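Each chain, letter by letter, is given below.
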Amino acid sequence: MPQIKCSVTECKWNNAIECQAPMIQVDRNGAGQAEKSDQTKCETFKMSS
Ligand code: SF4
């Protein structure tokens, strides 16, 4: 897994602004084709408890 910098610190996989998940899944954020990064989303996000 390459280093992934992620600022979503409330995710349970996040440690010191870095993703620690063994694999992540990223999908389009809505229908059709993404044209900008904000039209994608991390599906592996999980709220930390
Ligand atoms: S799983 Fe997604 S949201 Fe969570 S730390 Fe990794 S990249 Fe960020």
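Computed from a predicted model, the values in this text were never measured in an experiment. (Residues numbered from 1 in each chain as written. Predicted model: local features only at pLDDT ≥ 70, side-chain atom pairs only at ≥ 80, totals over all residues. Heavy atoms only, no water.)

### As for the overall build of the protein chain
In step 1: Scanning the protein chain for helices and strands turns up zero helices and two strands.
In step 2: Each principal axis of the C-alpha distribution contributes one length, and for the protein chain these read about 30 × 25 × 15 Å.
In step 3: Per-residue burial for the protein chain yields a buried fraction of 10% across its 49 residues.
In step 4: The contacts in the protein chain between residues at least 6 apart in sequence include a share of 22% that link residues at least 24 apart.
In step 5: Carbon and sulfur atoms form 48% of the exposed surface of the protein chain, whose accessible area is close to 4200 Å².
In step 6: Looking at charge distribution, the protein chain has the averaged site of its 6 positive side-chain charges lying 3 Å from that of its 6 negative ones. (Helix = DSSP H or I, 4+ residues; strand = E, 2+ residues; numbered from the N terminus. Buried < 20%, exposed > 50% of the residue type's maximum accessible area, 1.4 Å probe, protein only. Contact = heavy atoms within 4.5 Å. Areas by Shrake-Rupley, 256 points an atom, 1.4 Å probe, with all protein chains shown as cover. Lys, Arg positive; Asp, Glu negative; His and termini not counted. Charge placed at Lys NZ, Arg CZ, Asp CG, Glu CD.)

### Overview of the pattern of salt bridges
In step 1: This model, assessed by the stated rule, comprises one salt bridge.
In step 2: Between E43 and K41 there is a salt bridge, and its shortest N-O distance comes to 3.4 Å.
In step 3: Given a relative accessible area of 38%, E43 falls into the partly exposed group. (Salt bridge = Lys/Arg side-chain N within 4 Å of Asp/Glu carboxyl O.)

### A look at the side chain of N14
In step 1: Among the structural elements, N14 can be located in the segment before β1 (26-28).
In step 2: Looking at N14, the relative accessible area reads 14%, which means it is buried.
In step 3: Looking at N14, its side chain comes within polar contact range of the main-chain oxygen of V8, at 3.2 Å.
In step 4: There is a polar contact of 3.1 Å between the side chain of N14 and the backbone nitrogen of I17. (Polar contact = N/O pair within 3.5 Å; in protein donor to acceptor, adjacent residues only side chain to side chain.)

### Some remarks on the site of the ligand
In step 1: Contacts to the ligand come from C6, C11, W13, N14, C19, C42, T44 and F45.
In step 2: Split into classes, the residues belonging to the shell around the ligand amount to six nonpolar, two polar and no charged. (Near = heavy atom within 4 Å. Nonpolar A, V, L, I, M, F, W, Y, C, P; charged D, E, K, R; others polar.)

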